[in-house]
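Residue-level listing of the chains:
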Amino acid sequence: MAEADLYTIVKVARNEDLTEQIGRDRYFDLVDHNKVRSFRIKRLMPFNLFKEVVAKEFGIPVQFQRFWLWAKRENNTYRPDRPVKPRQEAKPVGHLREATNKMNVAELNLFLEVELGQGLRPIPPPVKRAEDILLFFKFYDPLKEELRYVGRLYVKARGKPVDFLAKINGLAGFAPDEDIQLFEEIKFEPIVMCEPVDKMVTFCGSQLEDGDIVCFQKSPQVESSRQCEHPDVPSFLKYVHHHQGVCVVSMEKVIKPEHHIKYGCRISSEPKPTERGQGTNSGGSTTQTHSANVPDGKVRFLAYWVSSKASLLLGRIHSTHKDTFTKFPMKGQKLQTVLLESFASFVESMSTTKVNEVQEDVLRQAILSIEDFEQVGLELSWLKKRLEEAKKANKHAESLVYVDLCEAALKVGRAKVRELEEGLVKAKAELEDCSTDLPNSLAVNDYLLLDVV
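Here the residue index of a chain counts from 1 through its sequence in written order. The model is predicted, so local features are restricted to residues of pLDDT at least 70 and side-chain atom pairs to those at 80 or more, both for listing and for counting; the totals for chains, interfaces and linings are taken over all residues. Values shown for side chains rest on all heavy atoms present in the structure; no hydrogens or waters enter the calculation.

1. A closer look at the pattern of salt bridges
- What counts as a salt bridge is simple: a side-chain nitrogen of Lys or Arg found within 4 Å of a carboxyl oxygen of Asp or Glu. Tallied over the entire structure, the rule returns 20 salt bridges.
- Ionic pairing is found between Asp 132 and Lys 156, a salt bridge with its closest N-O pair at 2.6 Å. Of the two residues, Asp 132 sits in strand E8 (residues 132-141) while Lys 156 sits in strand E9 (residues 146-156), which places them 24 residues apart along the sequence.
- Look at the salt bridges and you will find they share partners, linking Asp 29, Arg 73, Arg 79, Glu 209 and Asp 212 into a network. Note on conventions: DSSP H or I runs of at least 4 residues are helices, E runs of at least 2 residues are strands, and numbering of each starts at the N terminus.

Here you go:
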């Protein structure tokens, strides 16, 4: 069995991840699991021992953790589906992954539910009964055209939204009696489906279930609605969905400039060359010191033209690893620029990656990218060496954690053995005492008053 087959990548999404991503990196569904904390865990490690690892990482004691399994639905959405049961926690992590992962990917995605009490301290999660539904809530502000995650709530399947309005308003910091509209985010591929939720119909009557997403907003006033380009949740989500796939050139024509950043569109902000390079020679004629062949917004790096941001990073690489670019064979200027800026972007992303985040999937993708860059002549042995060092450092850290967990479990086991041994000695002593006074004419299966009455 290959070493990779001995491990499972466990990706744990938390409330903090949803808050961080929704309205910034994503608008639909709940979270990108490639951007949450991941753990490389031995497949045979019991899940309840994995919870100890999580406790050390996040500072959430085991008794306050409740994990949810994710499931891909028929409409291609991906939502928390059901909590991990106590009997499942006694089984190996790999078993839980295999039982829930139909695509046979060596990953296990989880949502960590943590309930916070006074002082934002963790408390035991509420008992989840059959009639309880866990819903996730997003709030939309049409004046700012902002969507954000505000929290989750347990509701009763046969309860009505109108009975929970005070709690829902509380998620956004509104007064309990604020008039709001509710919408269910149903799906976003191939088209957006976001429908109103009737506040007077039960949650089960609206077919809401665990993991569903409810978006809400203040009930719009007529005057303010006329000022909003996208006055409600459905129109906003359809707008975002339509423009997320539009190319940069098209977006420059149809989206307001302030939306370039807002909707995650990367539009170059490199300044165009100015006329500052022009001067007058002693004979009175004008000279052009800025080359006519310089691409807009690019600066010189070695014999190539790249963005100023890429130039700084590439310059640092060149000063430390001088052979990196010596065999770069590309002749076409545009291709040179694209490849070098792409390489700079890759290195920048790796620079912001912590060693403990270089898990199996990250390492695999990084190696593939390095091999691609080596195909175009970049010498990257130094980068491969660093990734190998990170892999070893991770393996060492994982081994330390596993040893700590095993020693802790062994300590508990030994204490239990001692307790059983002491109990056995005591029981034998009691048995011996009882045996001396045991009546010969009475057995445990006899009637109580046999031979007496």
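2. Some words on the side chain of Asp 212
- Along the chain, the position of Asp 212 falls in the loop between strand E11 (193-196) and strand E12 (213-218).
- Only protein chains enter the calculation, and the probe is 1.4 Å; a residue is then buried if its accessible area is under 20% of its type maximum, exposed if over 50%, and partly exposed in between. Note on Asp 212: relative accessible area 2%, which makes it buried.
- The criterion used for residue contact is that any of the two residues' heavy atoms lie within 4.5 Å. Residues within four places of Asp 212 in sequence aside, it is in contact with Arg 73, Arg 79, Leu 134, Leu 135, Phe 136, Glu 184 and Gln 207.

3. Overview of the confidence of the model for the protein chain
- For every residue, the pLDDT score states the predictor's confidence, bounded by 0 at the bottom and 100 at the top. A residue-level look at the protein chain finds 85% of positions with pLDDT of 70 or above and a mean pLDDT of 82.
- Predicted confidence is poor over residues 246-292, with pLDDT under 50, and the contacts of this stretch with residues over four places away or in other chains come to 49 contacts.

4. Here's the deal with the sheet that holds E8
- Any two strands between which DSSP finds at least two bridges are classified as paired. Ordered by their spatial adjacency, 5 strands build an open sheet running E9-E8-E12-E10-E11, and the pairing between neighbours is mixed. Taken across any chain shown, the strands that pair with only one partner, and hence form the sheet edges, are E9 and E11. Taking the axes of each pair of neighbouring strands and ignoring which way they run, one obtains an average angle of 30 degrees across the sheet.
- Pairing analysis gives 4 bridges linking strand E10 (residues 180-187) to E11, with the strands arranged antiparallel. Its bridge partner lying in E11, Phe 183 is registered against Pro 196. Fitted lines through C-alpha atoms serve as axes, helices being fitted only where they are in contact, and the angles separating the N-to-C directions of these axes extend from 0 to 180 degrees.

5. Description of helix H4 (residues 93-100)
- Within H4 the residues assigned to the buried category are Val 93, Gly 94, Leu 96 and Arg 97. Axial view of H4: buried residues confined to an arc of 160 degrees, hence all on one face.
- Summarising the contacts, the buried residues of H4 are in contact with strand E1 (7-13), strand E2 (37-42), helix H2 (47-58), strand E3 (66-72), helix H3 (86-89) and strand E5 (107-113). The arc in question is the one traced by the directions running from the helix axis out to the C-beta atoms.

6. A closer look at the packing of helix H10 (residues 308-320) against helix H11 (residues 333-351)
- It is at 9 Å that the axes of H10 and H11 come closest, and there the two elements cross at 75 degrees. Considered as vectors, H10 and H11 are oriented roughly perpendicular to each other. Between H10, through Lys 309, Ala 310, Leu 313, Leu 314 and Ile 317, and H11, the contact on the second element is made entirely by Leu 340, Glu 341, Phe 343, Ala 344, Val 347 and Glu 348. Note on terminology: angles under 35 degrees are roughly parallel, angles over 145 are roughly antiparallel, angles of 65 to 115 are roughly perpendicular, and the others are oblique.

7. Some remarks on the environment of Phe 67
- Along the chain, Phe 67 turns up in strand E3.
- Using a relative accessible area of 1% as the deciding quantity, one classes Phe 67 as buried.
- When residues no more than four places from it in sequence are discounted, the contact partners of Phe 67 are Val 12, Phe 47, Phe 50, Lys 51, Val 54, Arg 82, Pro 83, Val 84, Leu 110, Phe 111 and Leu 112.

8. Notes on the packing of aromatic side chains
- The aromatic pairing rule takes the rings of Phe, Tyr and Trp, using the six-membered ring of Trp, and pairs them if the centres are within 6.5 Å, calling planes under 30 degrees apart stacked, those over 60 edge-to-face and the rest tilted. In total, this model carries 19 aromatic pairs according to the counting rule given.
- Ring geometry for Tyr 304 against Phe 328: centres 5.3 Å apart, planes inclined by 85 degrees, an arrangement best described as edge-to-face. In this pair, Tyr 304 is assigned in strand E16 (residues 304-306) and Phe 328 in the loop between H10 and H11, connecting sequence segments 24 residues apart. Here Tyr 304 matches Phe 328 in class, with each residue buried.
- Each ring, one from Phe 343 and one from Phe 373, has its centre 5.2 Å from the other, and the planes form 70 degrees; the classification is edge-to-face. Here Phe 343 is found in helix H11, whereas its partner Phe 373 is found in helix H12 (residues 360-375), with 30 residues between them in sequence.
- A residue is classified by how much of its surface remains accessible, and Phe 343, at 0% relative accessible area, is buried.

9. A look at the environment of Lys 331
- Structurally, the position occupied by Lys 331 is in the loop between H10 and H11.
- The exposure class of Lys 331 is exposed, given its relative accessible area of 76%.
- Separated by 27 residues in the primary sequence, Lys 331 and Tyr 304 have C-alpha atoms spaced 9.8 Å apart.

10. Let's talk about the pairing of E10
- The buried fraction of E10 amounts to 7 of the 8 residues, a majority that puts the element mostly inside the structure.
- Both E10 and E12 contribute to a ladder of 6 bridges, which runs antiparallel. Across the sheet, the residue bridging to Gln 181 is Gln 217, located in E12.
- Joining the antiparallel neighbours E10 and E11 is a turn of 5 residues.

11. Looking at the sheet that holds E5
- With mixed pairing, the 5 strands of this open sheet are ordered in space as E2-E1-E5-E3-E4. Each of the sheet's edge strands pairs with one partner strand only, and the pair in question is E2 and strand E4 (78-83). On average, each strand axis in the sheet is tilted by 40 degrees relative to the strand beside it, whichever way the strands run.
- Contacting E1, E2, E3 and E5, H2 runs over the sheet at an angle of about 145 degrees to E2.
- Of the strands in this sheet, E1, E2, E3, E4 and E5 are in contact with H4, which crosses E5 at around 100 degrees.

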